[in-house]
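Inside the fold
The residues making up each chain are set out below.
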Amino acid sequence: MFLPIVAAAVFTVVLTDNVVNILLPLLSTTFNASVAHASWAITAYALTLAIGVPLYGRLGDFWGIRRVFTLTFPLYAAGSLVAALAPSLLVLIAGRVVQATGAAGIPAVATVAVAKMLPPGRRGPAFGIIASSVGVGAAAGPIVGGFVAQYLGWRVIFYGLAGLALVLLAAVRRGLPRETSERPRDFDLPGGLLIGTAAAFALMAVTNLQSYGAASPLTWGSLALALAGGGGFAWRIRTADAPFVPAALFRNRSYVTVLGLALVMMCAIFGMLVVVPLLLVQAGGNSSAIAGLVLTPGALVMALMSPRAGRLSDAWGPKPLILSGLAFAALGALAMSTFAGGSSLYVAGAAILAVDVGLGLLNAPTTNAAAGTLAQEQTGAGLGIFRSAFFLGAGAGPAVFGALVAAGPVTKTSALNPLYHQHAIAFSDTFLAIAAVAVLALVVAGVGLRPGAPGARRRSEQRDEVPSEDRGLGEAHPVERVRQRRGAPS
């Protein structure tokens, strides 16, 4: 029962993000504010997620999955109601912060729930279902948001999200079991806030880079605060009696590899998913509705592929699927770099479909790979930080590559891609940069990821943990091992 509840919760978070993206022009008009000011309804939400996701991941270790979900949905519903009733843009942004304070617990604890409740070798399909709910939410968001906003008004969307949160809260109370196992009570709140602050200001630095440029004090100030938060976190986990996460977690090369891979691949893929609509509207002269239709088939294919990819990652191991997914993403970006601006909608649709196929192959196996590198006691914090890296990449990609498009020199007469001969040179160069990032992730994955299925690796690790006096006894019956230790005849 827990898996449908978790998948529905993740769908709600993704739907919320994608619904609000399409509301920016309406919010700007309603509150007589610039689009830049109205976009803080999205930025504040993303920053709060960046801080909250690692905290909730660790709280899942102490409180249990059911208790954390019971906390998150009332916060999410309350924030949605504040946003629905907001008399000003400032109140709307405050509501979005409260909404994100609840929403942050959902993807973090959803991943932890699968890792804790299912053994290695059986997690892949569950991670695939969660990834599928991401695809459905991403596809439904613009359609639902546009339709409801046009015919019923944008406030109805937030009322609906509040009602959906209360329905999910009732399902959690009825469908998730109570957890009674003993847990340590120490919780390193300063360490959690430091890693969350580092993530939030890193995302803000990228956003300020896009809005104000590299020379802006806001950009450099955000970057300095991000580095200070990261440095403080590194100091804290080495000196605290009960740190937020053990320092040994970051000496786990397999985990660090998957963490970096998640950050880089989400940066590339979500950058692509944002720059393609910009190309279709700005350089292609198409409407936003047409751009949304071009994106929808790929999102649906990703939703259908994700459960299958999760199952295959248990059978084959995550590595071949991750490599294949990154190859599809790189090819899609390269195709857009070659044909950007002068191509038909079918070419753009095929390119974005390749990227979504890549995301369908990547999402669940990457999560499965991260979970497979963690010991049981590290699951909550480790997957919380992993999800935070996902959000950072997804938030940074659109800002970084959007800034590249905006900074494209107007006097440039040739693109970096020698095969490109159209007029949208800035877009071609940006897609080529996205392809380069995807290739970089492909190299990192090829060198750093271990082959093999998670279940097989876990069994191998468990055999390696047999006490030294038992090594070499093979799979003998426990009584037989006792006899061999004592030197008794068998």
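These numbers come from a predicted model, not from an experiment.

1. Brief notes about the overall build of the protein chain
The secondary structure content of the protein chain amounts to 19 helices and 0 strands. Residues counted as buried form 52% of the 490 residues belonging to the protein chain. For the protein chain, contacts bridging at least 24 residues in sequence account for 81% of all contacts bridging at least 6. Within the structure as shown, the protein chain displays about 21,200 Å² of accessible surface, and the carbon and sulfur contribution to it stands at 66%.

2. Considerations on helix H17 (residues 425–448)
The end-to-end C-alpha distance of H17 is 34 Å, a good match for the 34 Å that 24 residues give at a rise of 1.5 Å each. Those residues of H17 that sit buried are Ile425, Phe427, Ser428, Asp429, Thr430, Phe431, Ile434, Ala435, Ala438, Ala441 and Ala445. Where H17 is buried, its residues meet helix H12 (253–283), helix H14 (318–339) and helix H16 (379–406).

3. Brief notes about unusual backbone geometry
A positive phi angle, close to 55°, is found at Asn32, a residue other than glycine. Within the secondary structure, Asn32 is located in the loop between helix H2 (24–30) and helix H3 (35–38).

4. A few points about the side chain of Thr338
Inspection of the secondary structure assignment puts Thr338 in helix H14. You can call Thr338 buried: its relative accessible area is 13%. For Thr338, the residues in contact, after removing those within four places along its chain, are Asn417, Leu419 and Tyr420.

5. Some details on the environment of Phe386
Inspection of the secondary structure puts Phe386 in helix H16. With 278 residues separating them in the primary sequence, Phe386 and Ala108 have C-alpha atoms 8.7 Å apart. Not counting chain neighbours up to four residues away, the residues in contact with Phe386 comprise Tyr255, Val258, Leu259, Ala262, Thr366, Thr367 and Ala370.

6. Focus: the environment of Phe339
Counting through the fold element by element, Phe339 comes out in helix H14. Leaving out residues up to four positions away in the same chain, Phe339 has contacts with Val347 and Tyr420.

7. Here's the deal with the packing of aromatic side chains
Evaluated as defined, the whole model comprises 4 aromatic pairs. Look at Phe250 and Tyr255: their rings are 6.4 Å apart centre to centre, the planes differ by 70°, and that puts the pair in the edge-to-face class. For Phe250, a relative accessible area of 31% corresponds to the partly exposed category. For Tyr255, a relative accessible area of 1% translates into the label buried. Through successive ring pairs, a cluster of aromatic residues spans Phe31, Trp154 and Phe158.

Rules behind the numbers
Sequence order as written defines the numbering, with residues in each chain counted from 1. Local features are withheld for residues below a pLDDT of 70 in this predicted model, meaning they are given only at 70 or higher, and side-chain atom pairs are given and counted only at 80 or more; totals for whole chains, interfaces and linings count all residues. Only hydrogens and water are set aside when side-chain values are computed; all heavy atoms of the structure are taken into account. Helix and strand assignments follow DSSP, with helices taken as H or I runs no shorter than four residues and strands as E runs no shorter than two, numbered in order from the N terminus. Using a 1.4 Å probe on the protein chains alone, a residue whose accessible area is under 20% of its type maximum counts as buried, one over 50% counts as exposed, and one in between counts as partly exposed. We call two residues in contact when some of their heavy atoms are within 4.5 Å. Using a 1.4 Å probe, the Shrake-Rupley method yields the accessible areas, and only the shown protein chains count as cover for residues. Given a helix with a known number of residues, its expected span is that number minus one, times 1.5 Å. Any two rings among Phe, Tyr and Trp, with Trp reduced to its six-membered ring, count as a pair given centres within 6.5 Å; such a pair is stacked if its planes are under 30 degrees apart, edge-to-face if over 60, and tilted if neither.

Function cannot be inferred from these measures alone, as they are strictly geometric.
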